[in-house]
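Each chain, written out:
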Amino acid sequence: MFYYVLKYVILGPLLRLLFRPRIEGLEHIPEDGAAIVAGNHLSFSDHFLMPAIIKRRITFLAKAEYFTGPGLKGRLTAAFFHSAGQIPVDRSGKDAGQAAIREGLGVLSKGELLGIYPEGTRSHDGRLYKGKVGVAVMALRARVPVVPCAMVGTFEIQPPGRVVPRIKQVTIRFGEPLDFSRYAGMEDQKAAIRAVTDEIMYAILGLSGQEYVDEYAAKVKAEQAEQAKKFPKRRR
């Protein structure tokens, strides 16, 4: 219930007023039935802008840290994400990927929309990074279409580290649903799920126009953080 109050009464109208999102390809979102919406992830604002303009309810797999933050801010953030119907997923440990897949398949089994960011984390520099294969596994096991989505301009309004977003127009593009029925029964084959994942990322790339990096974003972030420790900037 609170999800729809948030979407249509509180947050949705406010976001539309402030950011005046330019929406393209909304007709590609199925009116009913299970489907995955897979998008790039440039900003914290993505969590709110995309769901605000989709007519149907969409459930995202959100990182568990959003639900476990300390203090009043942490409690408010957790309450918000719970109210918005988001599902916490622990991304640490070797079983993290399987846990996310189980949760995602649970959403799809109800005939609902599942939102996912295949990169696994926000882009720290505005580029599009290699997709993780969980999205392909879920698409093949649930036998559902994947709608590619591109957020354009959200990195500029709220890059990593910026708390309050800049007020500028953004664009949200949806592509034609991708059908992977030709891979039926191949969800356990590494080559097949890699091919499906790459096709999804290529579709997102075509919509977003970003520079593509054939490495995982988390790996690049970790390497850059390690370099920063070894070679800290000298204080003037």
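See the structure printed just above.
The present account deals with the structure reproduced in this document. Everything numeric in this text was worked out from a predicted model, so none of it was measured. (Residues numbered from 1 in each chain as written. Predicted model: local features only at pLDDT ≥ 70, side-chain atom pairs only at ≥ 80, totals over all residues. Heavy atoms only, no water.)

### Description of the overall build of the chain
Stage number 1. Secondary structure assignment for the chain yields eight helices and nine strands.
Stage number 2. In the chain, of all internal contacts separated by at least 6 residues, the share reaching a separation of at least 24 is 79%.
Stage number 3. Carbon together with sulfur atoms contributes 55% to the accessible area of the chain, which is approximately 12,700 Å² in total. (Helix = DSSP H or I, 4+ residues; strand = E, 2+ residues; numbered from the N terminus. Contact = heavy atoms within 4.5 Å. Areas by Shrake-Rupley, 256 points an atom, 1.4 Å probe, with all protein chains shown as cover.)

### A closer look at unusual backbone geometry
Stage number 1. Positioned with a positive phi, R20 is a non-glycine residue whose angle comes to about 40°.
Stage number 2. Counting through the fold element by element, R20 comes out in the loop between α1 (2-19) and β1 (22-24).
Stage number 3. In the Ramachandran plot, R143 falls in the positive-phi region, its phi being about 55° despite a non-glycine side chain.
Stage number 4. With respect to the element layout, R143 can be found in the loop between α5 (134-142) and β7 (146-152).

### Some words on a nonpolar patch on the surface
Stage number 1. On the surface, Y4, Y8, V9 and I10 cluster together into a nonpolar patch covering about 410 Å² of accessible area.
Stage number 2. By secondary structure assignment, the location of Y4 is in helix α1.
Stage number 3. With relative accessibility at 37%, the residue Y4 sits in the partly exposed group. (Patch = residues over 30% accessible without salt bridge, like charges linked within 9 Å, V, L, I, M, F, W, Y side chains within 5 Å. Salt bridge = Lys/Arg side-chain N within 4 Å of Asp/Glu carboxyl O. Buried < 20%, exposed > 50% of the residue type's maximum accessible area, 1.4 Å probe, protein only.)

### Concerning α5
Stage number 1. The complete set of buried residues in α5 reads V135, A136, V137, M138, A139 and L140.
Stage number 2. In the stretch just after α5, R143 is the one whose phi turns positive, near 55°.

### Some details on the packing of α5 against helix α7 (residues 190-208)
Stage number 1. Interaxial distance between α5 and α7 falls to 8 Å at its minimum, and their mutual angle equals 105°. With respect to their mutual orientation, α5 and α7 come out roughly perpendicular. Where α5 approaches α7, its residues V135, A136, V137 and L140 are matched on the opposing element by I193, V196, T197 and I200. (Axes fitted to C-alpha atoms, helices over the stretch in contact; angles between N-to-C directions. Parallel < 35°, antiparallel > 145°, perpendicular 65-115°, else oblique.)

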